[in-house]
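Analysis of the macromolecular model
Below are the chains, spelled out letter by letter.
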Amino acid sequence: MNQPTQTTASTCCYCGVGCGVLIEHDGETIRGVQGDPDHPANYGRLCSKGSTLHLTGDLAARALYPELRLGKGLARARTDWDGALDHAAAVFAETIREHGPDSVAFYISGQLLTEDYYAFNKLARALVGTNNIDSNSRLCMSSAVVGYKRSLGADAPPCSYEDIEQSDCLLIAGSNMAYAHPVLFRRLEAAKASRPEMKIIVVDPRRTDTCELADLHLAILPGTDVALLHGILHILLWEGWIDRAFIDAHTEGFDALKKLVHAYTPAAVADICGISVDSLQSCAELIGKAPSFLSLWCMGLNQSSAGSAKNSALINLHLATGQIGRVGAGPFSLTGQPNAMGGRETGSLSNLLPGHREAGNAAHRAEVAGYWGVDGLPEQPGLSAIELFEAVRVGKIKALWIACTNPAQSMPDQTRIHEALSTCPFVVVQEAFFTTETCRYADLLLPAATWGEKEGSVTNSERRISHVRRAVPAPAEARPDWAIVCDFARRLEPQLRPGLPSLFDFSNPAALFEEYKQLTAGRDLDLSGISHALLDDLGPQQWPFPAGATRGTPRLYGDGVFPTPSGRAQFVADPYRAAQEQREARYPLTLNTGRLRDQWHGMSRTGTAAQLFGHVEEAALSLHPDELQRRRLASGDLVKLRSRRGSLILPVQADEAIRPGQAFLPMHWGDRFLKGLGTNVLTLPAFDPLSKQPELKHAGVEVDKVELP
Ligand code: SF4
């Protein structure tokens, strides 16, 4: 084997911590990965996933050549890029001519780089003329987007990773950081070891590994977070542990919230949440008396039909105590994917536009249209992920382009997604790994470059933009995502904008970034001072970073001014609503889904490395021992796990980390690993009315023993 002769600094492609990596390679093949000691996200640390990145480039799993099939049921055959993209442009143009621009849609991914996102957005909104572009970040962070915007006026996490280390009291809600954001968790562990007086509260129905670090674990009943948070505020008010001066000077809406939380007495909340009054009181006291208080949250709050309310209820605690805008304080959402933040910034949810603008705002549309040099942008609201696939299923969307994501595995109510994909007249899948469930439905498969093979930028959870660098060429005919999009767009333009200059005259990702960043100038996220070259000179930087700045911005709202019309933050008074699907006689268990330590999403990449199966080898359903006993089951027995939507057959295991009445199954397992479609065959398509984020963590289920012949 050739020894690595070169090192290229880049960024890990898994989670939103955004760790810096040093890719060791010989110019052709990646040989190893080290943590980048100079990257401010990880200072050299890597987790089990990041440190094995070089083992996941298995060519046997890679899409290498464009493949096209000319009819459903036929096999795809290899074609060339010209033939592939000409065909796609012809089908899209004809569909748009016959059925209008909203008969096509794009479903993209938080794995894409910022430049890829921007190109897709321009393609959908400026060239095609549809807002039907949504991202799998809808499944991940859209409730946090709504939470920040409603409460603080802009979608901007106000904290930095160093605040986590410097805080006196942390509330970790709905996040198993130890598995989902491991390097950040290691930083927290180190901080707690050096400052044992730091208090950590974990709110999670399961006793996860994150709880090992907790001074207090509140194992609330699934979905009762809003009641808990209102109950905490009730006690803060009762005890006088609020910052009245901050509330008066910097917020609005407190009286309405105060009236609402009056009813959330400790006894009532303890009953709703299934915890003791004492533990609730202790939690409020830790928060109320802390010199600095920071909260961290992730999918446990976001993936819920009350996700927006949960986010706002948590931010309310910070506004009521004045715990925002200073060292060690603030509401800090953790992003799941490596560039979910970049998607939010470039407007890659159907309701957004680049630069934290709204597609539903006429002035915002006019600004972006003017900058792009087009007559206008579409007014018709775009479809969010669940709505989009339903529109595909019922035949309203006739051409669908999916990039870098696996909805056939990751979307809830999987059976309907498979139905949608199998009946859609034309499905394009742009993907690095042909092994995903979604690729089976591709009429046109476009091989994409992936980590280590492409250039661009990503933003991590603390608003830090890193330069992602290419170390080796993509294999065979795989191409970078931005290049595929621009090449397709240039072929579509003569049919949709004949005789006009191209909107997609980009020769590299840096050129895309240069155009995109001007759309952020003067906005809350202003990153117009950043370029790929500047990132090379100064290293990763946090926005805002306006033109002329010399360093990024580690913390927001230190001046108490918020980007709302009044300049004041808003208390949001949403009442507690229970999860949509409650336990009942036929489905007496609540299924919670979550992550394993060593796997990532649908396992298209991590599933190629044997080492990453060392921690958990195969899918198993976790149940409390009492539930096993009640059903006369033993660990290792095969069970049929069923919900109102579908069923799976898999082994069961005893797990005292969850309470009776609950069940847990990792979200990673697809039909390559399970008998049945995958974890999401069980989950329901309910979603939050504001964020449209699906309720992936609360499904009613039951298990039956499978008797072996
Ligand atoms: Fe990659 Fe996240 Fe692990 Fe860092 S913590 S190495 S970004 S998976």
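Residues numbered from 1 in each chain as written. Predicted model: local features only at pLDDT ≥ 70, side-chain atom pairs only at ≥ 80, totals over all residues.

Right, let's get into the overall build of the protein chain. Counting its regular elements, the protein chain contains 22 helices and 28 strands. For the protein chain, the C-alpha radius of gyration of 24 Å lies close to 27 Å, the compact-globule estimate for 709 residues. Expressed along its principal axes, the backbone C-alpha trace of the protein chain runs to roughly 75 × 70 × 55 Å. A total of 709 residues make up the protein chain; the buried ones form 61% of that total. When contacts within the protein chain are restricted to residue pairs at least 6 apart in sequence, long-range pairs at least 24 apart make up 73% of them. (Helix = DSSP H or I, 4+ residues; strand = E, 2+ residues; numbered from the N terminus. Rg over C-alpha atoms; globule rule 2.2 N^0.38 Å. Buried ≥ 20, exposed ≤ 12 C-beta atoms within 10 Å, placed from the backbone. Contact = placed C-beta atoms within 7 Å.)

Before going further, it helps to examine the sheet that holds strand β8 (residues 169-173). Read from one edge of the open sheet, 5 strands run β10-β9-β8-β12-β13, paired in parallel fashion. Every other strand in the sheet has two partners, leaving β10 (216-218) and β13 (330-333) as the edge strands with one partner each. Taken over all neighbouring pairs, the strand axes of this sheet differ in orientation by 15° on average, direction set aside. For strand β12 (residues 293-297) and β13, the ladder comprises 4 bridges, and the chain directions are parallel. By the bridge assignment, Leu296 is partnered in β13 with Phe332. (Pairing = 2+ DSSP bridges. Axes fitted to C-alpha atoms, helices over the stretch in contact; angles between N-to-C directions.)

It is worth spelling out helix α20 (residues 509-518) at this point. All of the buried residues in α20 are Pro509, Leu512, Phe513, Tyr516 and Lys517. The buried residues of α20 occupy an angular sector of 125° when projected down its axis, which confines them to one face. The secondary structure elements touched by the buried residues of α20 are α2 (114-128), α14 (340-346), β19 (456-459), α19 (481-496) and α21 (532-538). (Arc of directions from axis to C-beta.)

Turning our attention to the UniProt feature "domain: 4Fe-4S Mo/W bis-MGD-type" (unreviewed entry) in the protein chain. Mapped onto this numbering, the UniProt entry gives "domain: 4Fe-4S Mo/W bis-MGD-type" (unreviewed entry) at residues 5-61. For the annotated span residues 5-61, helix accounts for 0% and strand for 32% of the residues, and the straight-line distance between the end C-alpha atoms is 26 Å. (UniProt positions renumbered as here; feature names shortened; annotations may be inferred.)

A separate point is the packing of helix α7 (residues 225-239) against helix α10 (residues 266-273). One way to put it is that α7 packs onto α10 with a least axis distance of 9 Å and a crossing angle of 160°. Taken as axis vectors, α7 and α10 run roughly antiparallel relative to one another. For the crossing formed where α7 meets α10, the hand is left-handed. Two secondary-structure elements touch here, α7 through Ala227, Leu228, Gly231 and Ile235 and α10 through Pro266, Val269, Ile272 and Cys273. (Parallel < 35°, antiparallel > 145°, perpendicular 65-115°, else oblique. Left-handed = near helix turned anticlockwise from the far one by under 90°.)

Looking now at the site of the ligand. By nearness alone, 14 residues border the ligand, and Cys12, Cys15, Cys19, Cys47 and Gly50 come closest of all. For the shell around the ligand, the per-class residue count stands at 9 nonpolar, 4 polar and 1 charged. Residue contributions to the shell around the ligand reach at least three from each of two domains, namely domain 1 (6-56) and domain 3 (142-334). (Near = placed C-beta within 6 Å. Nonpolar A, V, L, I, M, F, W, Y, C, P; charged D, E, K, R; others polar. Domains from an automatic or database assignment.)

Okay, the nonpolar core next. In this structure, Phe120, Ile201, Ile232, Ile287, Leu400 and Val427 are the most contacted members of the largest nonpolar core, which totals 200 residues. Top element by residues in this core is α2. It accounts for 9 residues. If we skip the residues at most four places from it in the chain, Ile287 touches Cys169, Leu171, Ile232, Phe293, Leu317 and Thr321. The next biggest cluster of nonpolar side chains, apart from the first, holds 21 residues, and it includes Leu589, Leu641, Ala663 and Leu682. (Core = buried A, V, L, I, M, F, W, Y, C linked by C-beta atoms within 7 Å.)

Positionally, Arg632 belongs in the loop between α22 (625-630) and β25 (638-642). When the 8 C-beta atoms within 10 Å are taken as the criterion, Arg632 is described as exposed. A C-alpha to C-alpha distance of 29 Å links Arg632 and Arg672, two positions 40 residues apart in sequence.

Let's shift gears to the pairing of strand β3 (residues 30-35). Bridge analysis of strand β2 (residues 20-25) against β3 gives 5 bridges, and the strand direction is antiparallel. If you follow Leu22 over to β3, its bridge partner there is Gln34. The antiparallel pairing of β2 with β3 creates a hairpin that spans 4 residues between the two strands, and Gly27 there sits at a positive phi of about 95°.

So, on to the domain arrangement of the protein chain. Here the protein chain is described as being made up of domain 1 (6-56), domain 2 (69-140 + 338-521), domain 3 (142-334) and domain 4 (589-705). Taken over C-alpha atoms, the centre of domain 1 sits 32 Å from the centre of domain 3. Counting residues at the interface gives 9 residues for domain 1, matched by 8 residues for domain 3. Per-class residue counts for the side of domain 1 that touches domain 3 are 6 nonpolar, 2 polar and 1 charged.

This paragraph deals with the environment of His234. You can see His234 is positioned in helix α7. Overall, the presence of 22 C-beta atoms within 10 Å leaves His234 in the buried class. A sequence separation of 428 residues divides His234 from Gln662, and the C-alpha atoms of the two residues are 28 Å apart. Among all residues touching His234, those that are not within four sequence positions of it are Val261, Tyr264 and Thr265.

Moving on, we get to the sheet that holds strand β4 (residues 67-68). Strand order in this open sheet of 7 strands is β5-β4-β18-β17-β16-β6-β7, and the pairing throughout is mixed. Edge positions in the open sheet fall to β5 (77-78) and β7 (133-135), since each of these has one partner strand only. Here strand β16 (residues 399-403) runs beside strand β17 (residues 426-431); their pairing, made up of 5 bridges, is parallel. Each residue of the ladder has a partner; that of Ala399, found in β17, is Phe426.

Let us now look at the confidence of the model for the protein chain. Residues at a pLDDT of 70 or more form 100% of the protein chain, whose mean pLDDT is 97. If you check the scores for this complex, the pTM reads 0.97 and the ipTM reads 1.00. (pLDDT = per-residue confidence, 0-100.)

What follows is about the packing of α7 against helix α13 (residues 307-321). With their axes 8 Å apart at the nearest point, α7 and α13 run at an angle of 15° to one another. Between α7 and α13, the interaxial angle falls into the category roughly parallel. In the crossing of α7 with α13, the sense of the turn from one axis to the other is left-handed. Across from Asp225, Val226, Leu229, His230, Ile232, Leu233 and Leu236 in α7, the residues of α13 making contact are Ala309, Lys310, Ala313, Leu314, Asn316, Leu317, Ala320 and Thr321. Among the residues making up the contact of α7 with α13, the classes are represented as 10 nonpolar, 3 polar and 2 charged.

Let us look at α7. With 15 residues, α7 should cover 21 Å at 1.5 Å per step; its first-to-last C-alpha distance of 21 Å lies within 8% of that length. When you tally the buried positions in α7, you get 12 out of 15 residues, the bulk of the element. Asp225, Val226, Ala227, Leu228, Leu229, His230, Gly231, Ile232, Leu233, His234, Ile235 and Leu236 are the residues of α7 that are buried. Phi turns positive one or two residues past the end of α7, at Gly240, with a value near 75°. (Expected span 1.5 Å × (residues − 1).)

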